[in-house]
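# A closer look at the structure
Residue strings, one per chain:
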Protein chains: 12
Amino acid sequence: MSNHTYKKIEIVGSSETSSDNAVENALAKAAKSVKNMRWFEVTESRGLIGDNGKVSYWQVTVKIGFTMED
Amino acid sequence: MSNHTYKKIEIVGSSETSSDNAVENALAKAAKSVKNMRWFEVTESRGLIGDNGKVSYWQVTVKIGFTMED
Amino acid sequence: MSNHTYKKIEIVGSSETSSDNAVENALAKAAKSVKNMRWFEVTESRGLIGDNGKVSYWQVTVKIGFTMED
Amino acid sequence: MSNHTYKKIEIVGSSETSSDNAVENALAKAAKSVKNMRWFEVTESRGLIGDNGKVSYWQVTVKIGFTMED
Amino acid sequence: MSNHTYKKIEIVGSSETSSDNAVENALAKAAKSVKNMRWFEVTESRGLIGDNGKVSYWQVTVKIGFTMED
Amino acid sequence: MSNHTYKKIEIVGSSETSSDNAVENALAKAAKSVKNMRWFEVTESRGLIGDNGKVSYWQVTVKIGFTMED
Amino acid sequence: MSNHTYKKIEIVGSSETSSDNAVENALAKAAKSVKNMRWFEVTESRGLIGDNGKVSYWQVTVKIGFTMED
Amino acid sequence: MSNHTYKKIEIVGSSETSSDNAVENALAKAAKSVKNMRWFEVTESRGLIGDNGKVSYWQVTVKIGFTMED
Amino acid sequence: MSNHTYKKIEIVGSSETSSDNAVENALAKAAKSVKNMRWFEVTESRGLIGDNGKVSYWQVTVKIGFTMED
Amino acid sequence: MSNHTYKKIEIVGSSETSSDNAVENALAKAAKSVKNMRWFEVTESRGLIGDNGKVSYWQVTVKIGFTMED
Amino acid sequence: MSNHTYKKIEIVGSSETSSDNAVENALAKAAKSVKNMRWFEVTESRGLIGDNGKVSYWQVTVKIGFTMED
Amino acid sequence: MSNHTYKKIEIVGSSETSSDNAVENALAKAAKSVKNMRWFEVTESRGLIGDNGKVSYWQVTVKIGFTMED
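First, a word on what this report is: a plain description of the structure on this page. This is a predicted model, so every value here is computed, not measured.

### Here's the deal with the overall build of chain A
For chain A, the count of helices and strands is one helix and three strands. Reading the helices (α) and strands (β) of chain A from amino to carboxyl end gives β-α-β-β. For 70 residues, the compact-globule estimate of 2.2 N^0.38 gives 11 Å, and the C-alpha radius of gyration of chain A, at 14 Å, exceeds that figure by more than 25%. Taken along the three principal axes of its C-alpha coordinates, chain A extends 55 × 20 × 15 Å. For chain A, the residues scored as buried account for 61% of the 70 residues in total. Considering only residue pairs separated by 6 or more positions, chain A has 63% of its internal contacts joining residues 24 or more positions apart. Of the roughly 2,900 Å² of accessible surface on chain A, a fraction of 44% belongs to carbon and sulfur atoms. When the 9 positive and 9 negative side-chain charges of chain A are each reduced to one mean point, those points stand 4 Å apart.

Now the structure itself:
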């Protein structure tokens, strides 16, 4: 391993299913434009509530670190 | 949308099943006395450990925002 | 209940399955050397991303409180 | 002054005009159901952005302290 | 113990005597309108200073958790 | 609403006029390169002081959330 | 520019007009005893509420940085 | 009340007796050089431990706000 | 004094008497297994409430620093 | 100076030499794709430990502010 | 890599030379009783000042993560 | 040691050389007007970037504690 440098971006993923799935959706979307993603850090966990009083969307903010290429 | 005002209350839900389910239980209980809930923010995630050394209860604190009616 | 005293230790559990399971794995490992664990507090939630751009490991840091024996 | 006790509630006010006006709107709404409000603390300042890329609503979260009556 | 749900409220107690007594006064006042209080968390500790340069009132903010009844 | 994903960027706007105007300037500049901006969060509020001892520039840092397109 | 050193002081300004004006009042008062003020950072934003339920005073705490002279 | 301005200073008081007394000692010392002290905020609570394993000094850091005179 | 190294451990003490006494109980228990304790830092202050609505136990979390021996 | 607007990006630099050098490496890499960098803020300082128990890489996270061009 | 579990301990290293060296001294001391150290996180950076007004000791607190063995 | 009281002041030191040297410069400047300085705490670490994209000044904010004389 040489002197790696990483960039962190902040993405909010959402999911009707679970908070973990909101993270997975954030990564899936980010993967379309960013390569070499290495780790994520959850910085915020929240969600929207529907008219029925239940969770309609889990929303999780993650910082994603990826290797900056030379 | 007019000039909405929201109130936030802080609820601790618990669940034997999962941390997400603890959030859902918090919302279900709050829905009995509060209308027009719009969103939640997780502020604390913890749990109780049973004598078998395993999670006995997931406990998640959420702030719930709801529209204040006129 | 007498004047209990507790010690907190900080453990990072990991799991290929879910963030909740990472907590459970942290407790399971800690239980091998610590008795009388009472509660945990999640202090950090993050994870590793594989070459396929998906979560390879959920990593959750928990503080575990256990009763100090006399 | 006797041994006063205060309760704090958390309100999110909004305004199309300014962040200060969002605070004022939060107080105005709270005043309909709470008496003896004494002070506020801004805990969060944010807003919604319209399709024209400009602020459509300023949203400010305030904790409001009011005297608990005997 | 079933799937308990708790609500947290935030109270500022004051006392001419001590910071601990300010907490006790907060609980005493809250107990007049809330049942089943279980725990408190100190979130802020401050006070007023009199013209003689000494503490005139200790003011301690506590979050109080109580069981939400069915 | 489908499973939206958002990206947050962090911008520092400045203004000789007011702190709110500094936010508006941050949005105006960001709008030149980013579409579908939805909300902002103020994370820092500061300013420069001129030789006359008065505010010369209000500087407000905002995180701006915008929808990531498919 | 040589190796400048700065000192920060913490001032609470108040205003009946606006939160920005509270900052300006803090600077104006500080300028009477401190020279070479360079920047300020808002660390707290709050206010007093009058008997009419409206803001009577905006109170903003700022840290002010000024150059320490040789 | 006119447009008051306050300055905050940060003092660490110590006491062999109690944490509250450490606050009182901080105020007593500050009162020798500062007038018109109005309130204090506890920002840190700690202490030294003697060779006997007991508290030798309680050390409490307080921010003290006082009115800046014209 | 040579290049000392310290370790910090985190202990929750409890007391029916006072918050200061909860700190003292934490130190007393820790002293049974740790030598050369030098200082403590209070990181959390809370308590349990009895059925009578009063404090049943003060619970204070302290980090304790002690010299690591060679 | 006109109404400047800045963008902040978050970069993790690493170095086998020192924590300061990790900052310098972060800047050097960022400079390849960003112009007009003005300041940095250290938000996290950490590192990797080699099998010999010594620091193998210093890793420092910095936010870098740069002027957004018109 | 299997489902690794890590423990974090908190150590304060000191050095007459530099803040980085204080980190290295913390690791060197910890290495005497802990194996498989993987990373560290700086949580606090401070120091003692000698009678000559200069740094006599750099003191850096690090959390050290190490693999818990089976 | 009697019941010592300390005051903390906040200084920003700068250096073209290193972050540690910025701390040393802050102490050197403070020593010209303050006696009996005992310890410092780093609260912020940042810097200016020159036109060449490299660190032009390290800027470190320290709180300095000194004994208040009788």
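Still more to cover.
### Quick look at the pairing of strand 2 (residues 37–49) of chain G
The sheet contact formed by strand 2 (residues 37–49) of chain D and strand 2 of chain G spans three bridges and is antiparallel. Counterpart to Glu-41 of chain D in the pairing with strand 2 of chain G is Arg-46 of chain G. One ladder, built from eleven bridges, connects strand 2 of chain G with strand 3 (residues 55–67) of chain G; its direction is antiparallel. In the strand pairing of strand 3 of chain G, Phe-40 of chain G is matched with Ile-64 of chain G. Where strand 2 of chain G hands over to strand 3 of chain G, the hairpin turn is made up of five residues, of which Gly-53 of chain G adopts a positive phi near 80°.

### Considerations on the relation of the copies chain H and chain I
If you rotate chain H by 120° and push it 0.0 Å along the axis, it lands on chain I with an RMSD of 0.0 Å. With respect to symmetry, the two chain copies, as superposed, fit the operation of a three-fold axis.

### Considering the side chain of Thr-61 of chain I
Tracing the backbone through its elements, the reader meets Thr-61 of chain I in strand 3 (residues 55–67). Those residues in contact with Thr-61 of chain I, other than ones at most four positions away along the chain, are Lys-8 of chain C together with Glu-10, Ile-11, Val-12, Glu-41, Val-42, Thr-43 and Glu-44 of chain I.

### Quick notes on unusual backbone geometry
Residue and element names in this part refer to chain B. If you check the backbone angles, Asn-36 has positive phi at about 60° while not being a glycine. Examined against the element boundaries, Asn-36 turns out to sit in the loop between helix 1 (19–30) and strand 2 (37–49). For Asn-36, a relative accessible area of 28% translates into the label partly exposed.

### Focus on the arrangement of the chains
There is a gap between chain C and chain D: no contact, and a shortest C-alpha distance of 22 Å. What separates chain C from chain L at the closest point of their C-alpha atoms is a distance of 22 Å, and the two make no contact.

### Some words on the interface of chain A and chain J
Facing the 13 residues of chain A at the interface are 18 residues of chain J. Between Glu-44 of chain J and Lys-8 of chain A there is a salt bridge whose closest N-O contact spans 3.2 Å. For the interface between chain A and chain J, the tally reads five residue pairs in polar contact (both at pLDDT 80 or more). Tallying contributions element by element places strand 1 (residues 6–15) of chain A first for the side of chain A that touches chain J, with three residues. A breakdown of the residues in the side of chain A that touches chain J according to their chemical character gives four nonpolar, four polar and five charged. Bridge count between strand 1 of chain A and strand 1 (residues 6–15) of chain J: three bridges; the pairing is antiparallel. Within strand 1 of chain J, the residue paired with Lys-7 of chain A across the bridge is Ile-11 of chain J.

### Some points on the interface of chain H and chain I
Opposite the 13 residues of chain H that make contact, chain I presents eleven residues. Where chain H abuts chain I, roughly 1,000 Å² becomes buried across the two surfaces, and 58% of that area is made up of carbon and sulfur atoms. The largest per-residue losses of area from chain H upon contact with chain I belong to Arg-46, Ile-49 and Trp-58 of chain H, which jointly make up 50% of the total buried on that side. On the surface where chain H and chain I come into contact, there are one salt bridge. In this structure, Asp-51 of chain H and Arg-38 of chain I form a salt bridge, with 3.7 Å as the shortest nitrogen-oxygen distance. Counting every contact that joins chain H to chain I gives four residue pairs in polar contact (both at pLDDT 80 or more). Put simply, the parts of the chain that give the side of chain H that touches chain I at least two residues each are strand 2 (37–49) and strand 3 (55–67) of chain H. For the side of chain H that touches chain I, the per-class residue count stands at four nonpolar, six polar and three charged.

### Quick notes on the pattern of salt bridges
Applying the stated criterion across every chain yields a total of 60 salt bridges over all chains. In this structure, Glu-44 of chain C engages Arg-46 of chain C in a salt bridge whose closest nitrogen and oxygen atoms are separated by 3.5 Å. The exposure class of Arg-46 of chain C is buried, given its relative accessible area of 15%. For Lys-63 of chain D, the salt bridge is made with Glu-10 of chain E, and the minimal N-O distance between the two is 2.9 Å. Linking Lys-63 of chain D in strand 3 (residues 55–67) with Glu-10 of chain E in strand 1 (residues 6–15), this pair reaches from one chain into another. Taken as a pair, Lys-63 of chain D and Glu-10 of chain E share a single burial class, namely buried. Overlapping salt bridges bring together Lys-8 and Glu-41 of chain A together with Glu-44 and Arg-46 of chain J as one network.

### So, helix 1 of chain B
All names here are of chain B. Relative to the 16 Å expected for twelve residues at 1.5 Å per residue, helix 1 spans 17 Å between its end C-alpha atoms, a close match to the ideal helical length. Within helix 1, nine of the twelve residues are buried, which leaves the element mostly enclosed by the surrounding structure. Those residues of helix 1 lying buried are Ser-19, Asp-20, Asn-21, Ala-22, Val-23, Ala-26, Leu-27, Lys-29 and Ala-30.

### Quick notes on the environment of Ser-33 of chain F
All names here are of chain F. By the secondary structure assignment, Ser-33 is in the loop between helix 1 (19–30) and strand 2 (37–49). Assessed through its relative accessible area of 60%, Ser-33 is described here as exposed. Sequence-wise, Ser-33 and Val-60 are 27 residues apart; in three dimensions their C-alpha atoms are separated by 19 Å.

### Structural notes on the environment of Lys-54 of chain F
Of note, Lys-54 of chain F is situated in the loop between strand 2 and strand 3 (55–67). The contact partners of Lys-54 of chain F, leaving out residues within four places of it in the chain, are Leu-48 and Ile-49 of chain F together with Leu-27 of chain G.

### Describing the packing of aromatic side chains
Under the definition given, this model contains 24 aromatic pairs over all chains. Summarising the aromatic geometry, the rings of Trp-58 of chain F and Phe-40 of chain G are spaced 5.7 Å apart at their centres and angled 80° between planes, so their arrangement reads as edge-to-face. Of the two residues, Trp-58 of chain F sits in strand 3 while Phe-40 of chain G sits in strand 2, which places them in two different chains. In this pair, the class of Trp-58 of chain F matches that of Phe-40 of chain G, namely buried.

### Focus: helix 1 (residues 19–30) of chain L
All of the buried residues along helix 1 of chain L are Ser-19, Asp-20, Ala-22, Val-23, Ala-26, Leu-27, Lys-29 and Ala-30 of chain L. Backbone nitrogen of Asn-21 of chain L and a side-chain oxygen of the N-cap are separated by 3.0 Å at the start of helix 1 of chain L; the cap is Ser-18 of chain L.

### Concerning the side chain of Glu-10 of chain K
The class for Glu-10 of chain K is buried, based on a relative accessible area of 9%. There is a polar contact of 2.9 Å between the side chain of Glu-10 of chain K and the side chain of Lys-63 of chain I. Ignoring any residue separated from it by four or fewer positions in sequence, one finds Glu-10 of chain K in contact with Tyr-6, Lys-7, Lys-8 and Lys-63 of chain I together with Thr-43, Thr-61, Val-62 and Lys-63 of chain K.

### What to know about the environment of Tyr-6 of chain C
With respect to the helices and strands, Tyr-6 of chain C occurs in strand 1 (residues 6–15). When its relative accessible area of 11% is taken as the criterion, Tyr-6 of chain C is described as buried.

Cut-off values and rules
Residues numbered from 1 in each chain as written. Chains lettered and ligands numbered in written order. Predicted model: local features only at pLDDT ≥ 70, side-chain atom pairs only at ≥ 80, totals over all residues. Heavy atoms only, no water. Helix = DSSP H or I, 4+ residues; strand = E, 2+ residues; numbered from the N terminus. Rg over C-alpha atoms; globule rule 2.2 N^0.38 Å. Buried < 20%, exposed > 50% of the residue type's maximum accessible area, 1.4 Å probe, protein only. Contact = heavy atoms within 4.5 Å. Areas by Shrake-Rupley, 256 points an atom, 1.4 Å probe, with all protein chains shown as cover. Lys, Arg positive; Asp, Glu negative; His and termini not counted. Charge placed at Lys NZ, Arg CZ, Asp CG, Glu CD. Pairing = 2+ DSSP bridges. Least-squares fit on C-alpha atoms with pLDDT ≥ 70 in both. Salt bridge = Lys/Arg side-chain N within 4 Å of Asp/Glu carboxyl O. Polar contact = N/O pair within 3.5 Å; in protein donor to acceptor, adjacent residues only side chain to side chain. Nonpolar A, V, L, I, M, F, W, Y, C, P; charged D, E, K, R; others polar. Buried area = accessible area lost by both parts, 1.4 Å probe. Expected span 1.5 Å × (residues − 1). Phe/Tyr/Trp six-rings, centres within 6.5 Å; stacked < 30°, edge-to-face > 60°.

Nothing here speaks to function; it is all geometry.
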